[in-house]
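In case you want the letters, here they are:
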Amino acid sequence: METNPKKKNSLKHVLFGSLIGTTIEFFDFYIYANAAVLVFPQLFFPSSDSTMATLESLATFSIAFLSRPLGSAFFGHYGDKIGRKFTLVAALLTMGISTVTIGFLPSYASIGVAAPLLLMLCRFGQGVGLGGEWGGAVLLAIENAPPHKRAWYGMFPQLGAPIGLLLSGGTFLLLTDSMSNEDFMDYGWRIPFIASALLVIVGFYIRTKITETPSFENAKKHEEEVKVPFLELVKSYKNQLIFGTFAAITTFLVFYLMTVFTLSWATSDLGIVKRDGLLIQLFSVLFFAVFIPVSAVVADKIGRRKMLILATAAIAVFGFFFSFFLSTGNIALVTTFACIGMALMGFTYGPLGTFLSELFPTNVRYSGASLTFNMAGILGAAFAPMIAIWLAKTYDVSYVGFYLVAAASISLISFLVISKDEHKF
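What you see is a predicted model, and the numbers here were worked out from it, not measured in a lab. (Residues numbered from 1 in each chain as written. Predicted model: local features only at pLDDT ≥ 70, side-chain atom pairs only at ≥ 80, totals over all residues. Heavy atoms only, no water.)

**Considering the overall build of the protein**
- Helices and strands together make up the secondary structure of the protein, namely 21 helices and 0 strands.
- Expected size for 425 residues packed as a compact globule is a radius of gyration near 22 Å; at 21 Å, the protein falls within 12% of this value.
- Across the 425 residues of the protein, 60% fall into the buried class.
- The contacts in the protein between residues at least 6 apart in sequence include a share of 86% that link residues at least 24 apart.
- With the model as given, the accessible surface of the protein reaches about 16000 Å², and the carbon-plus-sulfur share is 69%.
- Separation of charge centres in the protein, based on 29 positive and 25 negative side chains, amounts to 10 Å. (Helix = DSSP H or I, 4+ residues; strand = E, 2+ residues; numbered from the N terminus. Rg over C-alpha atoms; globule rule 2.2 N^0.38 Å. Buried < 20%, exposed > 50% of the residue type's maximum accessible area, 1.4 Å probe, protein only. Contact = heavy atoms within 4.5 Å. Areas by Shrake-Rupley, 256 points an atom, 1.4 Å probe, with all protein chains shown as cover. Lys, Arg positive; Asp, Glu negative; His and termini not counted. Charge placed at Lys NZ, Arg CZ, Asp CG, Glu CD.)

Okay, here's the thing in structure tokens:
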């Protein structure tokens, strides 16, 4: 692989630059997820039926997944045309502005139906920003990586997810512990949204110090750019787009079942208080964080595809045990359930970014990796908490597990039939 010595990123800038951006983006994304369960049903969706209010709140949660592919297409186009650096900065600002604005929104009691509409608009902006962020952050890492360590480099932006979740959950826990419920519902919940502006400023500064990746510079040097990356993807890489999307849906589903659904079910139906629910979530995220690098090491040894197949098969087996863990309010069982699920999440999430990126050549890689990942978000996560709550309340919690088994089966088939061509970096 040719490199441009004048524009070489240091290892520190590559890994920290990819990690800090996704940490900020996922922090912003997850504080909304926590608020959608703990705050928004009461403030933005008042209803005599608490279940209906929660479902309406989670419906706005899904908007970001619907807008993420738009962000992927938009930022991916410019990421493949003019470079990774500018696009990463723009995506970060899009997410940051949307998140801070949520912190200043008036409630339904103040402005009526305009409140949830504005909330939906901000959530849309969050999705667009994250849709452009993830793919660029992964490419920043792996397009600077040596071939035998591509999964290891590619796992650094993936670590932003558990770190962002720890920060968001920890912030909510600190606020609920230090404030009365009245103060928290009045203004306390706004603090993490507004404070995220400080993180965005730090991320913006770091991102401006990053130079273009060697892979993009080489593609540009050899005039390999395509006029419209999205059209080239549809024309030449349909197999990778379609089956890459289905291969990734289990990763999304297992994560949001372990976080949003489990927190909602534990606090509303199992009688676990909100503080304990947040503590369980935060503890389980440690398993998520630990097994991301473990999976990357294994994936570099046995291959990304094989690692993901093994992880997905294990998730399918796990799906059959939902009823055992979530039928009672036993905190030990719920905690064990969350920890196992998050460990499996780490195994599948660690090598996923590298796997999806390797499906596409440099000139459409930003668009291709981003679109497959975020289209999978629509299928695997956009309505997952709503579907899971409906299944659990209409039938039984075991049906939520069967939902996961069905998704894992689709992903396994996709891993087996997807194109096995690996493109040069």
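After presenting the structure, the write-up continues.
**Some details on empty space enclosed by the protein**
- This model, assessed by the stated rule, comprises 3 cavities of 30 Å³ or more.
- Counted as a void, the largest cavity has a volume near 100 Å³.
- Lining the largest cavity we find Phe 26, Tyr 30, Arg 68, Ala 161, Thr 251, Phe 252, Phe 255, Tyr 256, Met 345, Tyr 349 and Phe 373.
- Sorting the residues of the lining of the largest cavity by element identifies α1 (11-38), α13 (238-268) and α17 (331-349) as the ones contributing at least two each. (1 Å grid on protein atoms, 1.4 Å probe; cavity = no way out; pocket = protein on both sides within 12 Å on 5 of 7 lines; lining within 4 Å. Points joined across faces, edges and corners; volume = space filled by probe spheres on them.)

**Details of the layout of surface pockets**
- Roughly 300 Å³ of internal volume is contained in the largest pocket.
- Taken together, 17 residues line the largest pocket, and the ones lying closest to its centre are Val 37, Ser 50, Thr 51, Thr 54 and Ser 268.
- For the lining of the largest pocket, the elements supplying multiple residues, two or more each, are α1, α2 (40-43), α3 (50-81), α13 and α20 (384-394).
- Per-class residue counts for the lining of the largest pocket are 6 nonpolar, 8 polar and 3 charged. (Nonpolar A, V, L, I, M, F, W, Y, C, P; charged D, E, K, R; others polar.)

**Regarding the packing of aromatic side chains**
- One pass over the structure, following the stated rule, counts 32 aromatic pairs.
- Summarising the aromatic geometry, the rings of Phe 40 and Trp 189 are spaced 5.6 Å apart at their centres and angled 90 degrees between planes, so their arrangement reads as edge-to-face. A residue pair is termed long-range when its members are at least 10 positions apart, and Phe 40 in helix α2 and Trp 189 in the loop between α9 (181-188) and α10 (190-208) qualify at 149 residues. Each member of the pair, Phe 40 as well as Trp 189, carries the same accessibility label: buried.
- Taking the centre distance of 5.3 Å and the plane angle of 65 degrees together, the rings of Phe 74 and Tyr 78 count as edge-to-face. Note that Phe 74 and Tyr 78 are positioned in helix α3 at a spacing of 4 residues, about one turn of the helix.
- For Phe 74, a relative accessible area of 46% translates into the label partly exposed.
- Through a chain of ring-to-ring contacts, three or more aromatic side chains come together here, namely Tyr 30, Phe 65, Trp 134, Phe 252, Phe 255, Tyr 256, Phe 288, Tyr 349 and Phe 373. (Phe/Tyr/Trp six-rings, centres within 6.5 Å; stacked < 30°, edge-to-face > 60°.)

**Details of the confidence of the model for the protein**
- The predicted model of the protein has a mean per-residue pLDDT of 87, with 95% of residues at 70 or higher.
- Note that residues 1-6 has pLDDT below 50 and, in this model, 10 contacts with residues that lie over four places away or in other chains. (pLDDT = per-residue confidence, 0-100.)

**Some points on the side chain of Arg 304**
- Relative to the elements of secondary structure, Arg 304 occurs in helix α15 (residues 304-319).
- Side chain to side chain, Arg 304 and Glu 358 meet in a polar contact 2.5 Å long.
- Once residues within four sequence positions are removed from consideration, Arg 304 is found in contact with Arg 150, Ala 151, Ala 299, Pro 351, Thr 354, Phe 355 and Glu 358. (Polar contact = N/O pair within 3.5 Å; in protein donor to acceptor, adjacent residues only side chain to side chain.)

**Concerning helix α21 (residues 398-417)**
- Look at α21: 29 Å from first C-alpha to last across 20 residues, which is about the 28 Å you get at 1.5 Å a residue.
- Those residues of α21 that fall on the buried side of the exposure criterion are Ser 398, Val 400, Gly 401, Tyr 403, Leu 404, Val 405, Ala 407, Ala 408, Ser 411, Ser 414 and Phe 415.
- Turning to α21, the residues buried within the fold contact α13, α15, α16 (322-326), α18 (352-357) and α20. (Expected span 1.5 Å × (residues − 1).)

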